[in-house]
Amino acid sequence: MAVRIFTLMSNRTLHNNLQYMSSRTVYNSFKKITRTINSNNVSFNHLIHHRSRKQYNAFASPKLNMSTNAVPKMATAPHIPVMSEEVKKLLSYDGVFLDMTFGAGGHTRMILQNCSNSKILCLDRDPLAHQYATDLADQYPGRVIPLLGKFSELPDLLDKLGVCDNSLDGILMDVGVSSMQFDDPQRGFMLSQDGPLDMRMDSNRDENHLTAAEILANIDEDSLYKVLKYYGEEKHARKIARAVVESRYLLRKLRTTKELAELVASVINIDGRLDKLQRFSHPATKTFQALRILVNNELNELDYGLKSAHHYLRPGGTLVTITFHSLEDTIVKRHFTGMDIDKTPDSIGRGVAKHRSSLTSYSNSEMKQIMAKKWVNVTKHVLLPSDEEVSRNPRARSAKLRAAVKC
Ligand SMILES: C[S@@+](CC[C@H](N)C(=O)[O-])C[C@H]1O[C@@H](n2cnc3c(N)ncnc32)[C@H](O)[C@@H]1O
């Protein structure tokens, strides 16, 4: 059986994505990773775990008196929506919205309650989140349309519903992993508790979607090094990549989060690092981040999602994005500033410098490119969560919010 790592990923999109990292070598390494994984047979026998579902039912239950202003408690809320007040201000008008990252529906619920004539299309790639959206649709008849799929599947899903281009009034993308995904050891994102090394946001939705364990069992050292270096910004990428490959000969294949976390900790030989809040962070945190991005093809998906958002928003409609690490924020920034995303920053700089030295003004084609602006930024600078929010919900600490209106 041929196994594809990146479904629906054209070479062009992959190429564009990797340009963000300003490195041609990463692109080449990914071609190699894709080839390596294409040539392997794997089995898919993971089950979807519904533990978090119970939490959600408790959270969504009318008995808990879910008002918009109520801050859900950690013990009951499966995911606390980040920068909700800021999102509320930016999307506080009636219309048809698209929540591209429904999760546990915290932001959607806030929009439904704040804008009583609004309707919301609710997309998520995770079947568990989709089930939550279906439950919410029962609570708000005729106002919520649940959609199961990835950003790259959005055009097909919207086509089936007859949603036209340039028609949506507002879109939200709160990218990354939800607390339901993080906090369930069976999903494989967690460092502190053992579980299968899975990391697929889609669970078993696509039988060709490889788990982290399957990738680690097949990837070559150089490709893994590049994944860890660019997606994880991991200083010890080379050592870790070598150890993972060598472990195949010494141990049985890496199968659990604990096995990987221990291997990384033993290799880089530091007890831990401090995060932004000066809290202990496990030495394998960056390795886990890199793998998660790879398993879910997150940067390509984000690039595709931003293009689709532009396509379906009406002129004057607002897109709000929340990202959680610099690689994602760079992609959003480059879309919003209209930087030519097929060019690296270096090549743009060199091109302009060369042009300026030979001519005193911009050429017609360059001028057209400047005029063809797609977005106008609503927020002058990136918005960050307040100290109060971070102390209430430490997971908000690295959030960055940007908003732009479609031209
Ligand atoms: C941070 S959570 C969103 C939380 C949500 N705003 C809330 O208030 O509960 C991110 C969600 O986006 C989903 N997601 C991430 N990448 C996606 C993609 N490419 N396509 C569709 N959903 C995606 C994840 O499955 C996850 O449920």
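Residues numbered from 1 in each chain as written. Predicted model: local features only at pLDDT ≥ 70, side-chain atom pairs only at ≥ 80, totals over all residues.

### Comments concerning the overall build of the protein
A count of helical and extended segments in the protein gives 18 helices and nine strands. Looking at the protein residue by residue over its 407 residues, the buried ones come to 42%. For the protein, restricting intrachain contacts to residue pairs at least 6 apart in sequence, the fraction spanning at least 24 positions comes to 69%. (Helix = DSSP H or I, 4+ residues; strand = E, 2+ residues; numbered from the N terminus. Buried ≥ 20, exposed ≤ 12 C-beta atoms within 10 Å, placed from the backbone. Contact = placed C-beta atoms within 7 Å.)

### Section: the sheet that holds strand β4 (residues 168-174)
Taking strand neighbours across the sheet as the criterion, the seven strands line up as β3-β2-β1-β4-β7-β9-β8 in an open arrangement whose pairing is mixed. Strands at the two margins of the open sheet, each flanked by one partner only, are β3 (144-148) and β8 (375-377). Adjacent strand axes in the sheet meet at a mean angle of 20°, parallel and antiparallel pairs treated alike. Relative to strand β7 (residues 313-323), β4 is paired through six bridges, and the arrangement is parallel. In the strand pairing of β7, Ile 171 is matched with Leu 319. In the packing of helix α5 (residues 106-114) onto the sheet, the strands contacted are β1 (96-99), β2 (119-124) and β4, and the crossing angle to β2 comes to about 175°. (Pairing = 2+ DSSP bridges. Axes fitted to C-alpha atoms, helices over the stretch in contact; angles between N-to-C directions.)

### Things to note about the site of the ligand
Taken together, 21 residues lie near the ligand, and Pro 81, Thr 101, Gly 103, Gly 106 and Glu 301 sit nearest. Contributing elements (two or more residues each) for the shell around the ligand: α5 and β2. Across the shell around the ligand, the residue classes tally to seven nonpolar, eight polar and six charged. (Near = placed C-beta within 6 Å. Nonpolar A, V, L, I, M, F, W, Y, C, P; charged D, E, K, R; others polar.)

### Focus on the pairing of strand β9 (residues 400-406)
When you tally the buried positions in β9, you get six out of seven residues, the bulk of the element. Relative to β9, β7 runs antiparallel, the two sharing six bridges. Residue pairing in the sheet places Thr 318 in a bridge with Val 405 of β9.

### Some thoughts on unusual backbone geometry
Positive phi values are uncommon outside glycine, yet Met 83 reaches one of about 50°. Of note, Met 83 is situated in the loop between α3 (51-60) and α4 (84-90). Exposure remark for Met 83: the 22 C-beta atoms within 10 Å place this residue in the buried category. The backbone of Met 199 shows a phi angle near 75°, a positive value even though the residue is not glycine. By the element assignment, Met 199 lies in the loop between α8 (179-183) and α9 (212-218). On the basis of neighbour counts, which here come to 24 C-beta atoms within 10 Å, the residue Met 199 falls in the buried class.

### A closer look at the confidence of the model for the protein
In this model, the protein carries an average pLDDT of 80, and 71% of its residues clear a pLDDT of 70 or more. Counting interchain partners and residues more than four positions distant, the pLDDT-below-50 stretch residues 343-360 has seven contacts. This prediction of the complex comes with two scores: 0.80 for pTM and 1.00 for ipTM. (pLDDT = per-residue confidence, 0-100.)

### Some words on the pairing of β2
For β2, the tally of buried residues reaches five of six residues, placing the bulk of the element in the interior. Sheet topology places β1 next to β2; four bridges connect them, and they run parallel. Residue pairing for β2: Leu 98 is matched across the bridge by Leu 121. Pairing between β2 and β3: five bridges, direction parallel. By the bridge assignment, Leu 123 is partnered in β3 with Leu 147. In this view, the connection linking β2 to its parallel neighbour β3 by way of helix α6 (residues 127-139) has right-handed handedness. (Right-handed = clockwise from strand over helix to strand, strands pointing away.)

### Let's talk about α5
Those residues of α5 that sit buried are Gly 106, His 107, Thr 108, Arg 109, Ile 111 and Leu 112. Elements in contact with the buried residues of α5: α4, β1, β2, α6 and β4.

### Regarding the environment of Gly 188
Summarising the element assignment, Gly 188 is placed in the loop between α8 and α9. Residues Gly 188 and Ala 212, 24 residues apart in the sequence, show an inter-C-alpha distance of 8.4 Å. The residues touching Gly 188, leaving out its near neighbours within four places in the chain, are Gly 195, Pro 196, Leu 197, Asp 198, Met 199, Ala 212 and Thr 257.

### Regarding the packing of helix α11 (residues 237-250) against helix α12 (residues 257-268)
Between two packed helices, the angle of one axis relative to the other and the distance separating the axes together describe the packing. One way to put it is that α11 packs onto α12 with a least axis distance of 10 Å and a crossing angle of 125°. Between α11 and α12, the interaxial angle falls into the category oblique. Where α11 crosses over α12, the handedness of that crossing is right-handed. On α12, the residues touching Lys 239, Ile 240, Ala 243, Val 244 and Ser 247 of α11 are Leu 263, Val 264, Val 267 and Ile 268. (Parallel < 35°, antiparallel > 145°, perpendicular 65-115°, else oblique. Left-handed = near helix turned anticlockwise from the far one by under 90°.)

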